[in-house]
Protein chains: 2
Amino acid sequence: MNIPRTSYPRVVIIGGGFAGISLAKKLSKQEVQVVLLDKHNYHTFQPLLYQVSTGGLEPDSIAYPIRKILKNFTNFHFRLAHVETIDTETSEVITDIGVLKFDYLVLASGSKTNYFGNTEIEQYSMAMKTIPQSLNLRSLILENFEEALLTSDLNERNALMNFVIVGAGPTGVELAGALAEIKKGILPKDYPDLDTRSVQINLIQSGDRILKEMSEKASEKAEDFLEKLGVNVWKNVRVTNYDGKTVTTNSDLTFETATFIWAAGVKGATIKGLDGNEFVTKGNRILVNEFNQVKGFKHIFAIGDVACMENDEFPKGLPMMAQPAIQQGHQLGDNILRLLENKPMKSFVYNDKGAMATIGRNKAVVDLKHYKFQGVFAWYVWMFVHLFFLIGFRNRVVVFINWVYNYIRFDREARLIIRPFKKKLKRA
Amino acid sequence: MNIPRTSYPRVVIIGGGFAGISLAKKLSKQEVQVVLLDKHNYHTFQPLLYQVSTGGLEPDSIAYPIRKILKNFTNFHFRLAHVETIDTETSEVITDIGVLKFDYLVLASGSKTNYFGNTEIEQYSMAMKTIPQSLNLRSLILENFEEALLTSDLNERNALMNFVIVGAGPTGVELAGALAEIKKGILPKDYPDLDTRSVQINLIQSGDRILKEMSEKASEKAEDFLEKLGVNVWKNVRVTNYDGKTVTTNSDLTFETATFIWAAGVKGATIKGLDGNEFVTKGNRILVNEFNQVKGFKHIFAIGDVACMENDEFPKGLPMMAQPAIQQGHQLGDNILRLLENKPMKSFVYNDKGAMATIGRNKAVVDLKHYKFQGVFAWYVWMFVHLFFLIGFRNRVVVFINWVYNYIRFDREARLIIRPFKKKLKRA
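Residues numbered from 1 in each chain as written. Chains lettered and ligands numbered in written order. Predicted model: local features only at pLDDT ≥ 70, side-chain atom pairs only at ≥ 80, totals over all residues. Heavy atoms only, no water.

> Would you mind showing me how to read the overall build of chain A here?
Across its full length, chain A carries 12 helices and 24 strands. Sorting the 428 residues of chain A into buried and exposed places 59% on the buried side. Long-range contacts, defined here as pairs at least 24 residues apart, represent 64% of the contacts in chain A between residues at least 6 apart. Summed over all atoms, the accessible surface of chain A reaches about 17,600 Å², with 52% contributed by carbon and sulfur. Of note, chain A has its 53 positive side-chain charges centred 5 Å away from the centre of its 45 negative side-chain charges. (Helix = DSSP H or I, 4+ residues; strand = E, 2+ residues; numbered from the N terminus. Buried < 20%, exposed > 50% of the residue type's maximum accessible area, 1.4 Å probe, protein only. Contact = heavy atoms within 4.5 Å. Areas by Shrake-Rupley, 256 points an atom, 1.4 Å probe, with all protein chains shown as cover. Lys, Arg positive; Asp, Glu negative; His and termini not counted. Charge placed at Lys NZ, Arg CZ, Asp CG, Glu CD.)

> Just to check I follow, could you spell out the pairing of strand β12 (residues 200-204) of chain A for this structure?
Looking along a regular strand, one sees side chains alternate from face to face of the sheet. Residues and elements named next belong to chain A. For β12, the tally of buried residues reaches four of five residues, placing the bulk of the element in the interior. As defined by bridge partners, β12 adjoins strand β13 (residues 232-234) across three bridges and the pair is classed as parallel. Each residue of the ladder has a partner; that of Leu-203, found in β13, is Val-233. Handedness of the crossover is the feature at issue here: the chain leaves β12, passes through helix α9 (residues 216-228), returns alongside β13, and the resulting connection is right-handed. (Pairing = 2+ DSSP bridges. Right-handed = clockwise from strand over helix to strand, strands pointing away.)

> Could you clarify how one ought to interpret helix α5 (residues 131-148) of chain A in this entry?
Side chains that are three or four residues apart share a direction in an α-helix, a result of its 3.6 residues per turn. Residue and element names in this part refer to chain A. The terminal C-alpha atoms of α5 lie 26 Å apart, and with 18 residues this matches the ideal 26 Å at 1.5 Å per residue to within 8%. Among the 18 residues in α5, 17 count as buried, and that is most of the element. Taking the backbone nitrogen of Gln-133 as reference, a side-chain oxygen 3.2 Å away marks Thr-130 as the first, capping residue of α5. (Expected span 1.5 Å × (residues − 1). Polar contact = N/O pair within 3.5 Å; in protein donor to acceptor, adjacent residues only side chain to side chain.)

> What is the right way to look at the relation of the copies chain A and chain B in this model?
Two copies of a chain can be linked by a rotation about an axis combined with a shift along that same axis. Least-squares fitting of chain A to chain B yields an RMSD of 0.0 Å, with the transformation described by 0.0 Å of translation along the axis and a rotation of 180 degrees. Here the symmetry operator amounts to a two-fold rotation axis. Relative to the rotation axis, the C-alpha of Val398(A) is the closest in chain A, positioned 3.1 Å from it. Taken together, the interface assignments show that 98% of the residues at the interface of chain A recur at the interface of chain B, consistent with an identical surface on both copies. (Least-squares fit on C-alpha atoms with pLDDT ≥ 70 in both.)

> Help me out: how do you make sense of the packing of aromatic side chains in this one?
A ring pair, where both rings are aromatic, is described by two values, the distance of the centres and the angle of the planes. Evaluation of the coordinates by the stated rule reveals 36 aromatic pairs over all chains. With 5.5 Å between their ring centres and 35 degrees between their planes, Trp382(B) and Trp403(B) make a pair best called tilted. Of the two residues, Trp382(B) sits in helix α11 (residues 376-389) while Trp403(B) sits in helix α12 (residues 393-409), which places them 21 residues apart along the sequence. A single burial state applies to Trp382(B) and to Trp403(B), both of which are buried. Three or more aromatic residues joined by ring pairs make a cluster, and in this case those are Tyr124(A), Tyr242(A), Phe260(A) and Trp262(A). Over the ring of Tyr407(A) we find Arg361(A); its NZ or CZ atom is 4.1 Å from the centre of that ring. (Phe/Tyr/Trp six-rings, centres within 6.5 Å; stacked < 30°, edge-to-face > 60°. Lys NZ or Arg CZ within 6 Å of the ring centre and 35° of its normal.)

> Whenever I open this one, helix α10 (residues 322-340) of chain A confuses me. Can you help?
Counted at 1.5 Å a residue, the expected span for α10(A) with its 19 residues is 27 Å, and the 27 Å between its end C-alpha atoms agrees. A positive backbone phi angle near 55 degrees is found at Asn342(A), which sits one or two residues after α10(A).

> Explain the packing of α11(B) against α12(B) to me, please; I cannot follow it from the model alone.
Each pair of packed helices can be summarised by the angle the axes make with each other and by the distance between the axes. All names here are of chain B. Where α11 contacts α12, the two axes come as close as 9 Å, and the packing angle between them is 155 degrees. Judged on the interaxial angle alone, α12 and α11 are roughly antiparallel. Within the contact between the two elements, α11 uses Trp-379, Trp-382, Met-383, His-386, Leu-387 and Phe-388 and α12 uses Arg-396, Val-399, Phe-400, Trp-403 and Tyr-407. (Axes fitted to C-alpha atoms, helices over the stretch in contact; angles between N-to-C directions. Parallel < 35°, antiparallel > 145°, perpendicular 65-115°, else oblique.)

> Looking at this model, I keep getting lost on a nonpolar patch on the surface. Mind explaining?
On the surface, Val376(A), Phe377(A) and Tyr380(A) cluster together into a nonpolar patch covering about 310 Å² of accessible area. According to the relative accessible area criterion, Phe377(A) is exposed, its value standing at 53%. (Patch = residues over 30% accessible without salt bridge, like charges linked within 9 Å, V, L, I, M, F, W, Y side chains within 5 Å. Salt bridge = Lys/Arg side-chain N within 4 Å of Asp/Glu carboxyl O.)

> Is there a simple way to explain the packing of helix α1 (residues 18-27) of chain B against helix α10 (residues 322-340) of chain B in this structure?
Residues and elements named next belong to chain B. Look at α1 against α10: their axes get within 7 Å of each other, and the N-to-C directions meet at 30 degrees. Classified by the angle between their axes, α1 and α10 sit roughly parallel to one another. Considering how the two elements wind past one another, α1 and α10 form a crossing that is right-handed. Judged by residue contacts, Phe-18, Ala-19, Ser-22, Leu-23, Lys-26 and Leu-27 of α1 engage Ala-322, Ala-325, Ile-326, Gly-329, His-330, Leu-332, Gly-333, Asp-334, Ile-336 and Leu-337 from α10. (Left-handed = near helix turned anticlockwise from the far one by under 90°.)

> I keep staring at the environment of Leu149(B) and nothing clicks. Help me out?
Counting through the fold element by element, Leu149(B) comes out in the loop between α5 (131-148) and α6 (154-160). Relative accessible area serves as the criterion here: at 5%, Leu149(B) is assigned to the buried category. A sequence separation of 242 residues divides Leu149(B) from Ile391(B), and the C-alpha atoms of the two residues are 40 Å apart. With residues near it in sequence (within four places) discarded, Leu149(B) still touches Asn2(A), Arg67(A), Phe78(A), Arg79(A), Tyr191(B), Asp193(B) and Leu194(B).

> How should the sheet that holds strand β22 (residues 355-360) of chain B be read in this particular structure?
All names here are of chain B. If you walk across this open sheet you meet the three strands as β22-β23-β24, and the pairing is antiparallel. The strands lining the two open edges of the sheet, one partner per strand, are β22 and β24 (372-375). Between one strand axis and the next, the sheet turns by 5 degrees as a mean value, whatever way the strands run. Pairing between β22 and strand β23 (residues 363-367): five bridges, direction antiparallel. Paired with Thr-358 across the bridge in β23 is Ala-364. Across the sheet, α11 is in contact with β22, β23 and β24; its angle to β24 comes to roughly 100 degrees.

> Would you explain the UniProt feature "transmembrane region" (unreviewed entry) in chain A in this entry?
Those residues carrying the UniProt feature "transmembrane region" (unreviewed entry) are residues 379-405 of chain A in this numbering. Along residues 379-405 of chain A, the helical share is 89% and the strand share 0%, with 16 Å between the first and last C-alpha atoms. (UniProt positions renumbered as here; feature names shortened; annotations may be inferred.)

> Is there a simple way to think about the interface of chain A and chain B in this case?
Interfaces are often sized by the amount of accessible area the parts lose when they come together. Between chain A and chain B, the contact holds 55 residues from the first and 54 residues from the second. Carbon and sulfur atoms supply 50% of the area that chain A and chain B bury against each other, a total of about 5,400 Å² over both sides. Considering only the surface of chain A that becomes buried against chain B, Arg67(A), Arg394(A) and Arg419(A) emerge as the three largest contributors, covering 14% of it. Inspection of the region where chain A meets chain B yields 14 salt bridges. The residue Arg79(B) makes a salt bridge to Asp193(A) at a minimum N-O spacing of 3.0 Å. Connecting chain A to chain B are 32 residue pairs in polar contact (both at pLDDT 80 or more). When residues of the side of chain A that touches chain B are traced back to their parent elements, those giving at least two are β4 (63-65), α3 (66-69), β5 (76-80), α5, α8 (187-190) and α12 (393-409) of chain A. (Buried area = accessible area lost by both parts, 1.4 Å probe.)

Shown next, in the form of structure tokens:
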């Protein structure tokens with residue numbers, strides 16, 4: 001990779017998510033050369049992907065060009081690359097665009113969907129971790145409704161109008177809420193030929209409560225909101241398989257569906273060379289110390305979702321959310337500068353700002369450290385916080401306008417099949 | 001196709017572009033059953049596709065769900081379908097989702113890119129007639145710049161930064177202008193590692209002036225604007241081939257480029273069954289009379305780009321633009337209602353509202369019937385007219401905000417490679 005060597009030490013960051021960007025910002029205008037590698041040329045604001053899937057937001061509004069974030073930084077290089085291997089012996093990363101030497105390496109490669117080894121689920125389910133995936137889901141939902149118009153087979157039609165979402169974390173809950181609102185506000189008008197009362201939204205959770213990372217009160221209230229919206233919440237049900245038609249579970253319960261969304265788990269997106277048992281712990285995350293250092297290395301770090309930093313409050317590692325990623329990126333930037341000045345690094349202390357989820361119009365649950373609340377005010381807080389953390393003034397304005405419009409009009413205009421997902425419809 | 005027969009006569013409209021939508025609106029709440037078929041579930045505002053290609057607008061902002069346009073109409077059915085054949089004997093359209101009987105048929109299938117039989121150009125060139133095509137071009141442009149960073153071969157790098165646009169109609173001119181602004185305002189900041197002064201934008205026109213459908217003054221001024229922006233305008237040059245690397249012309253002139261955009265011609269998108277020599281005239285358009293009737297049929301019509309209606313002022317047929325399409329759709333709606341009441345149809349009279357094109361920031365050319373002007377005021381008129389004709393309040397607001405932002409910040413934020421176009425980059 002033809003990136004010139006300078007007298008500055010080179011920090012290579014893999015991944016332009018919350019963690020990687022936060023670190024890169026901290027290192028800007030410092031005496032280091034920073035190379036950021038990502039397989040996309042944009043940063044994705046993942047918390048709003050479900051709104052892209054449901055036609056509420058445009059994909060570009062929640063993406064931001066990485067080159068633009070970093071354009072005023074000195075000694076900064078971005079490369080669109082897929083990292084294949086990390087060679088810890090030679091301090092090199094091997095990518096599809098060549099080999100790059102590093103002085104410091106930071107893995108900020110995030111997480112990916114965990115299918116727990118079930119290849120059928122992997123093959124037939126829809127995921128929602130990236131913008132293309134979210135657009136595929138959007139297309140599939142709309143294509144299924146178009147197809148439902150064409151069949152005279154009642155079972156087939158019901159399967160096309162049946163949503164099964166596995167996993168009741170924030171992604172699953174927010175998606176279920178959005179679909180429920182579409183069922184109520186949009187489908188009857190868009191599909192007068194269909195009996196859209198038959199549309200089913202099933203949210204399946206293996207544990208005994210939804211939003212299990214949040215407070216009990218939040219779980220309870222969110223479930224209440226979902227049920228009022230007409231979502232079927234199934235608790236203590238474990239999905240065992242989906243063959244493209246039928247969802248089977250650990251009980252007698254089965255579902256026939258053409259839209260199966262897997263939001264039941266994520267795992268660290270490790271990279272060859274640092275994925276061995278000596279590095280990786282539960283959830284395929286790389287174990288790091290309080291400085292985000294990977295075991296056995298002074299100059300290799302991991303931050304964000306891919307890193308597992310254990311502490312007393314979080315013995316299984318900090319949650320895989322934006323906040324720990326942003327904070328770790330920031331702190332590591334500071335620590336790398338300290339290392340260069342031969343100062344001791346500072347331990348990372350997680351400032352838990354809480355968690356939140358929206359269930360639909362005027363409905364959200366918010367857990368702050370000392371204050372937990374639910375309902376309309378929580379919903380305003382949810383919106384404000386998401387607008388605040390979106391990168392870019394234009395994105396904020398456009399998302400805000402879309403939200404105001406959708407709120408007033410009970411609408412989601414981006415219900416567009418720009419790229420069809422189903423290659424071949426079984427058309428009658 | 002399971003669309004119930006009612007006592008009302010059935011009008012089948014093929015195509016949800018300007019013509020088809022205008023007709024459908026006119027027929028709403030009348031005593032006819034309307035079936036609109038389109039292969040997309042959205043209407044595309046084609047005049048702004050070049051802004052999607054150049055990252056200035058989001059794709060969803062210039063698309064509008066057809067079901068939403070028509071949701072309050074009675075006796076209305078939309079089907080996502082690809083029409084394969086028209087059987088004029090049995091009055092049926094044969095589609096990929098089944099067969100449909102019609103009482104009245106209206107072809108509003110628009111136009112498609114004309115490669116004039118050159119299969120190499122068809123294979124290697126980029127077109128800009130649909131949203132997916134425009135997004136492909138956006139991805140290709142950005143991927144080529146990422147790739148330019150990787151090569152040390154000067155010729156290859158120059159080819160990756162060289163744009164060749166063939167055809168200097170509004171599409172070619174507006175794209176060239178937008179690329180010139182990107183060269184100036186964005187590339188130097190996004191690619192500090194590249195010498196972006198080497199970026200070349202070539203606009204090639206076979207005739208002796210650009211924007212040849214407009215006034216001489218407009219052509220002159222537009223060329224002047226383009227040259228000030230640094231675009232190389234080549235007139236009287238006919239491109240003979242492009243093999244994926246080299247553009248050859250009818251002279252010694254050749255270009256090495258990785259980005260070759262073909263905007264040199266369109267032809268009517270006819271459908272099997274009505275594509276014979278007895279129907280089709282120059283430009284593959286269907287010859288229609290003053291009522292938009294296809295020769296030999298009382299109940300089959302063609303409107304918009306696919307129809308060729310000749311008159312004294314336009315002996316080769318009305319221009320393939322939005323205005324004739326909208327007006328013909330409207331008039332035909334009226335005429336179909338007259339037919340049903342056994343009244344005589346009214347002849348179509350084209351109300352020529354003129355033409356316009358923008359070349360870049362503060363630069364546009366406008367030809368009205370009695371008034372032609374160029375420059376800043378023309379640019380405001382261009383923007384106002386485009387906002388006005390965009391369908392949907394939300395789209396108008398979002399496009400407006402993007403334009404204001406882009407204007408103030410000299411920026412285009414949607415420079416995102418959401419779906420890569422190049423399958424495999426030749427990476428070093």
